[in-house]
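# An overview of the molecular structure
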Number of protein chains: 4
Amino acid sequence: MKLGMVGLGKMGGNMAARLREKGHEVVGFDFDPEVRDVASLAELVQALEAPRIVWLMVPAGEPTLGAIAELSELLDAGDLIIEGGNSHYVQDRKNADGLKDRGIRYLDVGVSGGVWGRQNGYGIMVGGAAQDVERAKPVFDALTPDEGGGYVHAGGVGAGHFVKMVHNGIEYGMMQAFAEGFELMAAADIVDDVPGTFESWREGTVVRSWLLDLLSRALEEDPDLDGLRGYAQDSGEGRWTVQAAVDHAVPAPAITAALYARFASRQEDSPAMKVIAALRNQFGGHAVTRTTDDPARTPRS
Amino acid sequence: MKLGMVGLGKMGGNMAARLREKGHEVVGFDFDPEVRDVASLAELVQALEAPRIVWLMVPAGEPTLGAIAELSELLDAGDLIIEGGNSHYVQDRKNADGLKDRGIRYLDVGVSGGVWGRQNGYGIMVGGAAQDVERAKPVFDALTPDEGGGYVHAGGVGAGHFVKMVHNGIEYGMMQAFAEGFELMAAADIVDDVPGTFESWREGTVVRSWLLDLLSRALEEDPDLDGLRGYAQDSGEGRWTVQAAVDHAVPAPAITAALYARFASRQEDSPAMKVIAALRNQFGGHAVTRTTDDPARTPRS
Amino acid sequence: MKLGMVGLGKMGGNMAARLREKGHEVVGFDFDPEVRDVASLAELVQALEAPRIVWLMVPAGEPTLGAIAELSELLDAGDLIIEGGNSHYVQDRKNADGLKDRGIRYLDVGVSGGVWGRQNGYGIMVGGAAQDVERAKPVFDALTPDEGGGYVHAGGVGAGHFVKMVHNGIEYGMMQAFAEGFELMAAADIVDDVPGTFESWREGTVVRSWLLDLLSRALEEDPDLDGLRGYAQDSGEGRWTVQAAVDHAVPAPAITAALYARFASRQEDSPAMKVIAALRNQFGGHAVTRTTDDPARTPRS
Amino acid sequence: MKLGMVGLGKMGGNMAARLREKGHEVVGFDFDPEVRDVASLAELVQALEAPRIVWLMVPAGEPTLGAIAELSELLDAGDLIIEGGNSHYVQDRKNADGLKDRGIRYLDVGVSGGVWGRQNGYGIMVGGAAQDVERAKPVFDALTPDEGGGYVHAGGVGAGHFVKMVHNGIEYGMMQAFAEGFELMAAADIVDDVPGTFESWREGTVVRSWLLDLLSRALEEDPDLDGLRGYAQDSGEGRWTVQAAVDHAVPAPAITAALYARFASRQEDSPAMKVIAALRNQFGGHAVTRTTDDPARTPRS
């Protein structure tokens, strides 16, 4: 199968390579002249025959929206855009609606697997119409793991990115659970071998998981994690998960706790905790003095 | 009425003063010779006539337990110990049980009001048997606000400290709610007058409260709370509230969130967040290299 | 001062009445012919002299947006719309921007006080430009409590509804703190007099507040709250507070816990807890049998 | 190696069987005459030669404490008790201390793996002195998975049960994360194939794990989990984890959220939410009427 790939970075570049290894023909475009096959989206469209498939693998937001806008002018009715980046599921629906008049088809695909994907295959979560999914199925088959699995057509447009978002939200919660367990063991002065404990859990236990494998590797390299600061970014999809939970009246306390812990980790000092300190200070003897000075401000008793 | 007061610090000293102002006779003991009337618990007991009332206002834990042990040797059957400190409610029951054989009576009293209490009166929450409460009622009446209120006989031994503990747990939750609201206003770059907003809420709104009065005063003195670090101790009663909630299978997420926020505020760096950082690091390209070096450690795919 | 009031329900009607009592002239419009002075927005606009002030007190969303759209056609440059309902602060900015071309001014005002406001005065939180606020100041003065306070010009357009939103978020957290304390006391079988305990806290304690006053009244009427179901709606502003916190990377665990508790209270059964039950079930002996039947599905060990 | 096994239920019975398959000689005691080799602890002790090893696999609390007390009378100095049940780590230390005078050695062992363990091997987490661990090592080797791993000597007495407790706390958090993700997907009306989505995640994603395998199996059997009620017990170790976190000032919001969600799942109706409903009711018009009836109770304004 022949398709276009827009964005040849760490994700798009590896995916293009895997697709070629599996026998697909990929025409790649990127702003970096070193890695691209064509010099513009227009050339990319010309290099494909209708009905075309163009896979987008560029940063979410403006870059993705800009590429879609430009492609909407270049593509023909019946062509298919696959948005494989990290668009919000509501934006996917707007994208698809905007392309409808011109007859351009749209799929949204959540891609999991990171840098391991080229070798191991990717998790592929697809949203869109059945006939479009069918058309792109050979591409999905090439991307998913050789031993099968790792593929779902989750629903209509938006569903692919929605389930990828939920996947990442779950990931936040799982990571936080391990993190809390680590901190408790480190704090309690009871456990002599914390790395060995995590390592031992990799077999035979309920918590065995890929994240545990990764954590065990990290602790092997740095048993107390002394080389790291307790500082964690959030990717956006954790926020979206919480916001979707609030929108749908779904209690999501563990995932939200994980998100808030990351927020807090990035603060030099907590404004909220300043309020707590200020209030505790007001309870104290200092407050009495001030109140005597200004009786009108005396709190009600 | 004549009673003994053990512990004449910020709380006990003010309470003794208020009791005297209301016409009671107080014999005070403290380790500080400057403030005490008698030089030992033995002298204090001798200075009272049976049936005696001895009010303890000393730090929780060893000091309180030590005083009770010593008094159990000195007091007679029918005498009454009032534990007005911050004992845990389960410990109150052990204390009362331990005194039962000698016929010594026991009340536990939660006292609220801090440094404001001498002038405004104290909130008094009592646990114990009705006849003991009856006996000490004149003392409680002198301590509570002149305009009435501020008094409850909450239940049997332990109930006084239990409800005081819950009171403090609620206080944690309320403070945290204000703290989160402050931080959100400070972060959003929308509100030009944060102190004025809190001040305005003191009248006519749902959140009007003594804590809001205090917060408004604090912000009047230091509008951005720049003079404070976001660092908050916890008094022990917040922990007990959460542990009691867990013991009784009561979900207490807001109070617990307040407690955890204080824990986090005291950490230089978060061990848990180091785990998050380590895991995020493992996802990255660096990890691939290591795995190639040592395939046996490759995470399962 | 003469002004128009659109929406004469529980809030708008009482506000119009208070304004009239304070000497202002109010021309009221409502869909209910019984309560209105004029039969249409057009008539309302004609009944006022430029530069006009029209206060909107209609439900958020379509009703408010519709009224603004209609007024934008009827009003003249220099007229002022005061949106006193519950619009989202981001929508306020869109509203103000949409009116700018026509020279129509816009203030957003958060109003607190509910049914008590007509008698006690309202909490008024204003967002908008200083000259517009200045113009409407006599109206705000009439609405706020006679004894002063209850007023803030919080910032530019959107700031009024933003701080009202935060106020409601704080309210959520405070209510939840009291609710958890109540449940813990009810569960522990230690406290004989829960209503009396809350009543006693109304004086001399740290948690004294209007919400405590209300809770004490509710418990006086129904000591165990047996007449109520544990079911709580959320008004929308709690959700907005959490979403704003997420947008601004502010940890807000207590307010969020309060929101999630309301979500959970409305569920017949929890889908999330079905997952927990399912997983616990899978750990059990039943699972072994299935696995023996279908070895290919055996979880990795 | 020859050892005694006390408690031949689902766990102890399977462990005894696995030990025998690996060539160890097990003398088993149970209250059930059908499964036991000896009729009393005394007979069990007689059937072993000093220095003996007796493994306890009976319910936590009284049954375990009773067995230890009885064995302390029967065993000789140098004999070794291995407490493989679910004792609290603080209790382990008391147990070991109580046996010290008689020269009886003590190890605490957390055992993970449930009904799958006989076939797959168990996760074994040991606390105690190195020489005692060394002595029992052949037994541990027989219990852990054939392919290696699943074993840690975590620290001194108590450390085995401590890390098992933390393991279970982490398990709570991971399960809750999946549960929240499921509920969000079910609520959003976007995802057509929820079971297929979880199934797809089993390969190539960050969340792949044994728990996901189990959840996928459960959804294969019952795609909407309609056959289950959202009701979840907690085993005790989740509570202990939270209490240990509070004791050590470790924020554990995700694990705590998981515990509280289980608490809430078991409530017919939430007392806390009755308070929220009562307060919301007090805001309404009904409240005004009552206040008019009894002005003394009017909340402060």
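You'll find the structure just up there.
Residues numbered from 1 in each chain as written. Chains lettered and ligands numbered in written order. Predicted model: local features only at pLDDT ≥ 70, side-chain atom pairs only at ≥ 80, totals over all residues. Heavy atoms only, no water.

### Concerning the packing of aromatic side chains
Residues and elements named next belong to chain A. Stated precisely, the cut-off is as follows: By convention, a stacked pair of Phe, Tyr or Trp rings (six-membered ring in the case of Trp) has centres within 6.5 Å and planes under 30 degrees apart, an edge-to-face pair has planes over 60 apart, and any other such pair is tilted. Relative accessibility under 20% of the residue-type maximum defines a buried residue, over 50% an exposed one, and the middle range a partly exposed one, all with a 1.4 Å probe and only protein chains included. Any Lys NZ or Arg CZ found within 6 Å of a ring centre and within 35 degrees of that ring's normal is scored as a charge over the ring.
All chains considered together, the criterion is met by 32 aromatic pairs over all chains. Centre to centre, the rings of Phe 29 and Phe 31 are 5.8 Å apart; their planes meet at 75°, and the pair counts as edge-to-face. The exposed category is assigned to Phe 31, whose relative accessible area is 76%. Connected via pairs of aromatic rings, a cluster forms that spans Trp 55, Phe 140 and Tyr 151. Positioned above the aromatic ring of Tyr 172, the side-chain terminus of Arg 262 is 3.8 Å from the ring centre.

### Focus on the packing of helix α7 (residues 159-188) of chain D against helix α10 (residues 237-247) of chain D
If you want to describe how two helices pack, look at the angle between their axes and the distance between the axes. All names here are of chain D. Threshold: The convention used is that axes are lines fitted to C-alpha atoms, helices contributing only their stretch in contact, and that angles between N-to-C directions extend from 0 to 180 degrees. Note on conventions: DSSP H or I runs of at least 4 residues are helices, E runs of at least 2 residues are strands, and numbering of each starts at the N terminus. Note on terminology: angles under 35 degrees are roughly parallel, angles over 145 are roughly antiparallel, angles of 65 to 115 are roughly perpendicular, and the others are oblique. Whether two residues are in contact is decided by their heavy atoms: any pair within 4.5 Å suffices. Throughout this entry, Asp, Glu, Lys and Arg are counted as charged residues, while Ala, Val, Leu, Ile, Met, Phe, Trp, Tyr, Cys and Pro are counted as nonpolar. The remaining residues, Gly among them, count as polar.
Viewed as axis vectors pointing N to C, α7 and α10 meet at an angle of 105°, and their least axial separation amounts to 8 Å. By the angle between their axes, α7 is roughly perpendicular relative to α10. For the pair α7 and α10, the contacting residues are Phe 162, Lys 164, Met 165, Val 166, Asn 168, Gly 169 and Tyr 172 in the first and Glu 237, Gly 238, Trp 240, Thr 241 and Ala 244 in the second. In terms of residue class, the contact of α7 with α10 is built from six nonpolar, four polar and two charged.

### Some points on the sheet that holds strand β7 (residues 151-155) of chain C
Residues and elements named next belong to chain C. We apply this condition: We call two strands paired when DSSP finds no fewer than two bridges between them.
Pairing is mixed across the open sheet formed by seven strands, whose spatial order is β2-β1-β3-β4-β5-β6-β7. Each end of this open sheet is capped by a strand with a single partner; those strands are β2 (25-29) and β7. The mean inter-strand angle of the sheet, taken between neighbouring strand axes irrespective of direction, is 25°. Of the strand pairs in this sheet, strand β1 (residues 2-6) and β2 are connected by five bridges, and their pairing is parallel. Looking across to β2, one finds that Gly 4 is bridged to Val 27. Across the sheet, helix α3 (residues 62-74) is in contact with β3 (53-56), β4 (80-83) and β5 (105-112); its angle to β3 comes to roughly 165°. Against the sheet, helix α4 (residues 89-100) touches β4 and β5, its axis set at about 155° to β5.

### Comments concerning the interface of chain A and chain D
Stated precisely, the cut-off is as follows: Accessible area that two parts lose when put together, evaluated with a 1.4 Å probe and summed over both, is termed the buried area. Put simply, a salt bridge is a Lys or Arg side-chain nitrogen that is within 4 Å of an Asp or Glu carboxyl oxygen. Two N or O atoms form a polar contact when they lie within 3.5 Å of each other; inside protein one atom must be a possible hydrogen donor and the other a possible acceptor, and for residues adjacent in sequence the pair counts only when both atoms belong to side chains.
Taken together, the contact pairs 68 residues of chain A with 69 residues of chain D. Counting the surface lost from both chain A and chain D, the interface buries some 5,500 Å², and carbon and sulfur atoms represent 72% of this. When residues of chain A are sorted by the area they lose upon contact with chain D, A:Leu184, A:Ile190 and A:Val206 head the list and together hold 13% of the total. Counting across the chain A and chain D interface gives zero salt bridges. There are 14 residue pairs in polar contact (both at pLDDT 80 or more) connecting chain A and chain D. Among the secondary structure elements, those contributing two or more residues to the side of chain A that touches chain D are α4 (89-100), β6 (123-127), β7 (151-155), α7 (159-188), α8 (194-200), α9 (210-221), α10 (237-247) and α11 (253-265) of chain A. Here the side of chain A that touches chain D takes 20 residues from α7(A), the largest share from any one element.

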